[in-house]
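These are the residues of each chain, in order.
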Amino acid sequence: MGSIEEKVDLESDEEIPFNATQPTNKRQSFNFEANHAISPSKVSSLSVLRKMHQISLLRSIYIVLIKAKINVLLPFGPLAIMLHYLSRKHGFVFFFSLVGITPLAERLGYVTEQLAFYTGSTVGGLLNATFGNATEMIISIYALKNGMIRVVQQSLLGSILSNMLLVLGCAFFCGGVVHNQKVQDFNKAAALVNSGLLLMAVMGLLFPAVLHFTHTEVHKGKSELALSRFSSCIMLIAYASYLFFQLKIQPNLYSSLDEPRENNEEDSDEDEAPEITQWEAIGWLAMLTLWISVLSGYLVDAIEGASDAMNMPVAFISVILLPIVGNAAEHASAIMFAMKDKLDITLGVAIGSSTQISMFVIPFCVIVGWIMGKPMDLNFQLFETATLFITVLVVAFMLQEGKSNYFKGLMLILCYLIVAASFFVHIDQSNDDD
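The structure presented is a predicted model; accordingly, all values stated were derived computationally and were not measured.

Trainee: Help me out: how do you make sense of the packing of helix H2 (residues 76–86) against helix H9 (residues 278–301) in this one?
Mentor: The packing of two helices is summarised by the inter-axis angle and the distance between the axes. One way to put it is that H2 packs onto H9 with a least axis distance of 10 Å and a crossing angle of 35°. Helix-helix and strand crossings are classified by hand; for H2 and H9 the assignment is left-handed. Listed contacts from H9 to Gly77, Pro78, Ile81, His84 and Tyr85 of H2 are Trp291, Val294, Leu295, Tyr298 and Asp301. Of the residues contributing to the contact of H2 with H9, the split by class is 7 nonpolar, 2 polar and 1 charged.

Structure follows, in structure tokens:
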């Protein structure tokens, strides 16, 4: 009996550590199972969120890239790139790039309109002008790097002329035809401020040209360049001050007309709700602008070949045809906003884009050329500077009333045709600078 009891005691003593740890292991296993008992709901909620994000992304892709009928032209962009590397037929590359940019421009205007629901008309117009002018800035830096200073000057000048006459004219005309039963109003104060900035830009371009052609420079060839760089710094400071004044100091001065109009039109809820989210709109803006910039690069490379193929001067292509393509985004969105009776955004796109090019992009290119060691200046030659001066005066007179109609738009379009014909018969005296 004693031996049996000792064996039991020994067995019990040997089993004490095992029995002591077993409840803890059970407790741990219970906690582990309890934690995993909660995880299926978490996993299901995460999967639901992932599916919602996927559905939202697919819906956004459908709305932006598939829904509109004009998107059938999207394949022309990749086709232009293929032709550039396979056939080297610059005329076809130029044409297909032009056609491929058209739907991208229309979609860029649509996405900007969606973003304007979240930011307001002022910031929406500013964003559209900025994304639209990114193409010109990329092309200009690319041309500056290759020493094509005259092409930079002519394309930027053509962008200003196209925005002020063709884009604004088409917007006023289409808006007046759609709303022919009433006179469309816009914020006169904002238009006058932009007109003043454009006149300041004309002054910045005029003095270097006059200094050059009157031969009154202190140091021949150097004073003109030094004046251009100094004036560019002043113009950049003025544009930064304008943005601060517009967005911070007196924002109500620029967004006082669209908001009451939208409040009065709450009964018609056709397009008053955004179809994509704010961050989706920002992402699409960036992607569309990048793709437009890529196609614009191939477009620029095909200019000289297209000039030979179409028997057309390079200056005419740089001042007239190239800016039409570069301003396709502003063109589509400005017309779209005008047809929806949102003229404040239209002016922010068309006139705001002209102001941004003249007061920011051109001085920025001068500073970039200064850094690169390229003699980029503000001497755009007398013919081009005089054309810009007359254009600014005509548009300023059109905007001073604060009202628009289809006849004003028709006059601006006809003025652009006169400018286009003038550049078609104009011989550029500075082609040897390229």
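Trainee: What is the right way to read helix H3 (residues 90–119) from this model?
Mentor: For an α-helix, the turn length of 3.6 residues means that residues three or four places apart are oriented alike. Here H3 spans 41 Å end to end across 30 residues, near enough to the 44 Å set by a 1.5 Å rise per residue. Counting buried positions over the 30 residues of H3 gives 21, a clear majority of the element.

Trainee: What should I look at first to understand the nonpolar core in this one?
Mentor: A general trend in soluble globular proteins is that nonpolar side chains are found buried together. Within the largest apolar cluster, 77 residues are counted, with the highest numbers of intra-cluster contacts made by Leu168, Phe172, Leu347, Ile362, Leu388, Val395 and Leu399. Top element by residues in this core is helix H5 (residues 149–178). It accounts for 14 residues. Dropping the residues within four chain positions of it, leucine 399 is found in contact with Leu168, Phe172, Phe186, Lys188, Ala191, Ser195, Leu347 and Ile351. Within the second largest apolar cluster, 19 residues are counted, among which are Leu74, Val111, Leu288 and Leu295.

Trainee: Honestly, the pattern of salt bridges in this entry has me stumped. Any pointers?
Mentor: Oppositely charged side chains can form a pair if their charged atoms are brought close together. On inspection of all chains with the given rule, the structure shows 4 salt bridges. Notably, a salt bridge pairs lysine 408 with glutamate 401, separated by 3.1 Å at the nearest N-O pair. Taking the relative accessible area as the measure of exposure, glutamate 401 reaches 48% and is therefore partly exposed.

Trainee: Whenever I open this one, a nonpolar patch on the surface confuses me. Can you help?
Mentor: On the surface, a nonpolar cluster with roughly 570 Å² of combined accessible area is contributed by Val177, Tyr406, Phe407, Leu410, Leu414 and Leu417. Ranked by the residues each element gives to the nonpolar patch, the list is headed by helix H15 (residues 406–424), at 5 residues. Here tyrosine 406 shows up in helix H15.

Trainee: What is the right way to look at the environment of leucine 205 in this model?
Mentor: Within the element layout of this structure, leucine 205 appears in helix H6 (residues 188–213). Residues leucine 205 and serine 232, spaced 27 residues apart in sequence, show a C-alpha to C-alpha distance of 9.6 Å. With residues up to four places along the chain from it excluded, the contact list for leucine 205 reads Ile362, Leu378, Phe380, Thr385 and Leu388.

Trainee: Would you take a moment to explain the environment of glycine 409 for this structure?
Mentor: Here glycine 409 is to be found in helix H15. As a C-alpha pair, glycine 409 and cysteine 170 span 239 residues in sequence and 5.9 Å in three-dimensional space. Dropping the residues within four chain positions of it, glycine 409 is found in contact with Gly169, Phe172 and Phe173.

Rules of the game
- Each chain has its residues counted from 1, running along the sequence as written.
- Confidence filtering applies because this is a predicted model: local features only for residues at pLDDT of at least 70, side-chain atom pairs given and counted only at 80 or more, and all residues used for totals across whole chains, interfaces and linings.
- Side-chain calculation: all heavy atoms of the structure are included, whereas hydrogens and water are not.
- In this analysis an axis means a line fitted to C-alpha atoms, helices contributing only their contacting stretch, and an angle means the value between N-to-C directions, from 0 to 180 degrees.
- Comment: elements are numbered from the N terminus, with helices defined as DSSP H or I runs of at least four residues and strands as E runs of at least two.
- Note on convention: the crossing is left-handed when the near helix lies turned anticlockwise from the far helix by less than a right angle, right-handed when the turn is clockwise.
- Only heavy atoms enter the contact rule, under which two residues are in contact if any of them lie within 4.5 Å.
- For this classification, the nonpolar set comprises Ala, Val, Leu, Ile, Met, Phe, Trp, Tyr, Cys and Pro, the charged set comprises Asp, Glu, Lys and Arg, and every other residue, Gly included, is treated as polar.
- Given the number of residues in a helix, its expected span is that number minus one, multiplied by 1.5 Å.
- For every residue, the accessible area obtained with a 1.4 Å probe (protein chains only) is divided by the maximum for its type, and the residue is called buried under 20%, exposed over 50%, and partly exposed between those limits.
- Working definition of a nonpolar core: buried Ala, Val, Leu, Ile, Met, Phe, Trp, Tyr and Cys residues. They are joined through side-chain atoms within 4.5 Å.
- When a carboxyl oxygen of Asp or Glu lies within 4 Å of a side-chain nitrogen of Lys or Arg, that pair is called a salt bridge.
- Like-charged residues are merged into a patch within 9 Å and nonpolar side chains (Val, Leu, Ile, Met, Phe, Trp, Tyr) within 5 Å, provided each residue has over 30% relative accessible area and no salt bridge.
- Only the protein chains shown count as cover for residues, and all accessible areas are computed by the Shrake-Rupley method using a 1.4 Å probe.

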